Structures are given as C-alpha cells and as structure tokens.
Amino acid sequence: AAPALTPGTAPDTGTIPLPKMLRVRGGHFRMGDLDGSGSDYERPARTVTVAGFAIGKYEVTFDEWDACHRAGGCSNRADDQGWGRGRRPVIGVSWHDAQEYVRWLSRHTGKPYRLPSEAEWEYLARAGTTTRYSWGDGSQWVCASANVFDSSGAREHPEWNWSVPCDDGHARTAPVGSYPPNPWGIHDLHGNVWEWVQDCWHPDYRKAPTTSIAWLEQGQCSKRVNRGGGWGNHPRTMRSASRDADVADGRSDALGFRVARDLPPATAAMPE
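Since this is a predicted model, take the numbers as computed values, not measurements. (Residues numbered from 1 in each chain as written. Predicted model: local features only at pLDDT ≥ 70, side-chain atom pairs only at ≥ 80, totals over all residues. Heavy atoms only, no water.)

> Is there a simple way to think about the pattern of salt bridges in this case?
Between side chains of opposite charge, a pair can form when the charged atoms approach closely. Inspection of every chain in the model, using the stated rule, returns 18 salt bridges. Glu 120 serves as the salt-bridge partner of Arg 114, at 2.9 Å between the closest nitrogen and oxygen. Residues Arg 172 and Glu 156 are paired through a salt bridge, measuring 2.9 Å at the closest nitrogen-oxygen approach. With Arg 172 in the loop between α5 (151-156) and β6 (194-201) and Glu 156 in helix α5, this pair connects stretches of sequence that are 16 residues apart. Residues joined by salt bridges that share partners form a network here, namely Glu 118, Glu 122, Arg 126, Arg 227 and Arg 243. (Salt bridge = Lys/Arg side-chain N within 4 Å of Asp/Glu carboxyl O. Helix = DSSP H or I, 4+ residues; strand = E, 2+ residues; numbered from the N terminus.)

Following this line, the structure appears as structure tokens:
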C-alpha cells in the first residue's frame, strides 16, 4: 500500500516556533481491540473511514506552548516540574488549555488547527499495522522505540512497581523525536506523554461513528479521551488501541497533546 504521508511536507514558517505538520492521506482501518488483549473500553472493533488531514509530527513542545503564553493566547504557563522546557513535550496542560492553544494557533496562522479525533489518532498510531504497537506485538523492544516507565524511571520512583527491565535513556519526559518515528514518520505516539484528543469519553465503542469525526454525542463530555501512554506507564497502556480519559480541566505531569489541521477538500481527497 502507498504510504499515508506525503514525504517532504514543508513545516509551517513564521517568527515564532510552530508545530511541524505532515499531511495524512485518508483510508480505512480497523479500530479497537483486534486480538483480545485489550479491555471492554476498546470493543467492539469496527472499520473506520478516515478523511485526509494534517498532523503534528511531534507532540507540542514547551517552546511552542511558551510562544502562545507570551502572546497571551494561553493563560496557563504550564509547570515543567523542573525537568526543563525547550523541546520537551509540554505537560501540565488540560484539555481546555489545549483548546486555547489551537484557537490561538488558528488565529496566528489563519489555518484551521484543532485536536485530532480519537479515530484519527489511532489511525496514525497503527500506521497501516494491525499489531499491538506500530513496531509489532512485542513489548520487549519498547525501550528502543518509546519513552516508557523503565529502569531509570524506577530509580526515581522505587515505590512504583510496574517498570520494565530496560533503559530508554529518560527517567521522565524526553525531548520530542528522541525515538525513531513510526512507519509513517510520526514520533512519540507510543509513550512520552498521554495526548488529549477531541472526543468525549464513552466506556465502549457501541454506536461509535464509522468515520473519523470526533465522537461527541451521548458521551461524558466533562471527561475527554487521551491516548498513547506516558513516561510513567507500562507498555500495555501504549498499545495502539489503548485508551483512557481524564476530566477536561485536569492537569498532570504526564498529559500533553499534538495538533491536527483540516485540509482543503482537493488535498484531503481519499485515494482508492
């Protein structure tokens, strides 16, 4: 199959740091627990049709967030816990904070930025695969591929008992792009920080849309979905199908996000 990303997509330019975007061609995929290793949250699996869109190659960084804060578009400065800012993924941001950022970014660039939908997020994480992770089914390779709760993290938090016996080189968050990209050229979909998406929380996929729109109807919208697992989590939370949710105004040292952007209809057309 043809790759879903247009290679060589130019980054957004400007006088302030902006997310580097990649164009994603539409397609179809099976969403949810495909092998019985997941939870009821991930069932029933279904086929979803995805329209073309653009996605951040990396999670939003502190550099990018701080530009919004300095400009007055983001009210929360975001606490880096003393770990450093720069190219680390922004943490300590709520779903509502992320909405402030995409509104500001849209005004600043004149382009329609938003959070990805949950279906779009899983389409990207799978990157054409049907395995638990984009690199396969095994978690034994996780430290070479993602920022997980590893031996270095366990030294920092010996009271946590779910670490994996390998060292990914980062006890906490890692600068974005520290690990190889997935087959479609996108970094850190597995691990580093949980990523807010647009959807309201639903406890399973009964009556879920079969298109890639955000699922907002009949859900618990005081909670919003986040995906991908974080630096303090076990690999099982990093499976492509794994999902969780938090209150929309909640903030933590493991919650961040990446941005998506709508494309003009002519460039978002779905190939056969």
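> How do you make sense of the sheet that holds strand β10 (residues 260-261) when you look at a structure like this?
Strand pairs in the sheet, formed through backbone hydrogen bonds, run parallel or antiparallel to each other. In spatial order, the strands read β1-β4-β10-β5; together these 4 strands make up an open sheet with antiparallel pairing. Two strands close off the open sheet at either side, each with one partner strand: β1 (21-24) and β5 (113-114). Inspection of the sheet shows β5 paired to β10 by 2 bridges, in the antiparallel sense. Residue Arg 114 lies in a different strand from β10, and its bridge partner there is Ala 260. Docked against the sheet, helix α3 (residues 118-126) engages β1, β4 (53-56) and β5, running at close to 70 degrees with respect to β4. (Pairing = 2+ DSSP bridges. Contact = heavy atoms within 4.5 Å. Axes fitted to C-alpha atoms, helices over the stretch in contact; angles between N-to-C directions.)

> Just to check I follow, could you spell out the state of the cysteines for this structure?
As used here, a disulfide is simply a covalent bond connecting the sulfur atoms of two cysteines. Taken as a whole and assessed by the stated rule, the structure comprises 3 disulfides. The side chain of Cys 68 participates in a disulfide bridge whose partner is Cys 74; the two sulfur atoms lie 2.0 Å from each other. Around the S-S axis, the bridge from Cys 68 to Cys 74 shows a dihedral of about 90 degrees and counts as right-handed. Across this residue pair, the class does not change: Cys 68 and Cys 74 are buried. Paired through a disulfide, Cys 200 and Cys 221 show a sulfur-sulfur distance of 1.9 Å. (Disulfide = S-S within 2.5 Å. Buried < 20%, exposed > 50% of the residue type's maximum accessible area, 1.4 Å probe, protein only.)

> What should I look at first to understand the environment of His 96 in this one?
Tracing the backbone through its elements, the reader meets His 96 in helix α2 (residues 95-109). For the pair His 96 and Arg 224, spaced 128 residues apart in sequence, the C-alpha to C-alpha distance is 9.8 Å. Here His 96 is in contact with Ala 248 and Asp 249, once residues within four sequence places are set aside.

> Sorry if this is basic, but what is going on with the side chain of Asp 188 here?
Looking at the element boundaries, Asp 188 is found in the loop between α5 and β6. Here Asp 188 sits buried without a salt bridge, and the closest side chain of opposite charge, Arg 258, lies 5.7 Å off (N-O distance). Within the structure, the side chain of Asp 188 is placed 3.1 Å from the backbone nitrogen of Gly 177, a separation counted as a polar contact. (Lys, Arg positive; Asp, Glu negative; His and termini not counted. Polar contact = N/O pair within 3.5 Å; in protein donor to acceptor, adjacent residues only side chain to side chain.)

> For this particular structure, what's the right way to read the packing of aromatic side chains?
Aromatic ring pairs are described here by two measures, namely the spacing of the ring centres and the angle between the planes. One pass over the structure, following the stated rule, counts 13 aromatic pairs. On the basis of an interplanar angle of 80 degrees and a centroid distance of 6.1 Å, the ring pair of Trp 65 and Phe 257 is categorised as edge-to-face. Taken together, the residues span a long stretch of sequence, with Trp 65 in helix α1 (residues 62-71) and Phe 257 in strand β9 (residues 255-257) at a distance of 192 residues. Residue Trp 65 shares its accessibility class with Phe 257, and that shared class is buried. Among the aromatic side chains, those forming a connected cluster through ring pairs are Trp 83, Phe 149, Trp 160, Trp 162 and Trp 231. (Phe/Tyr/Trp six-rings, centres within 6.5 Å; stacked < 30°, edge-to-face > 60°.)

Remember that the coordinates give geometry; whether it matters functionally is a separate question.
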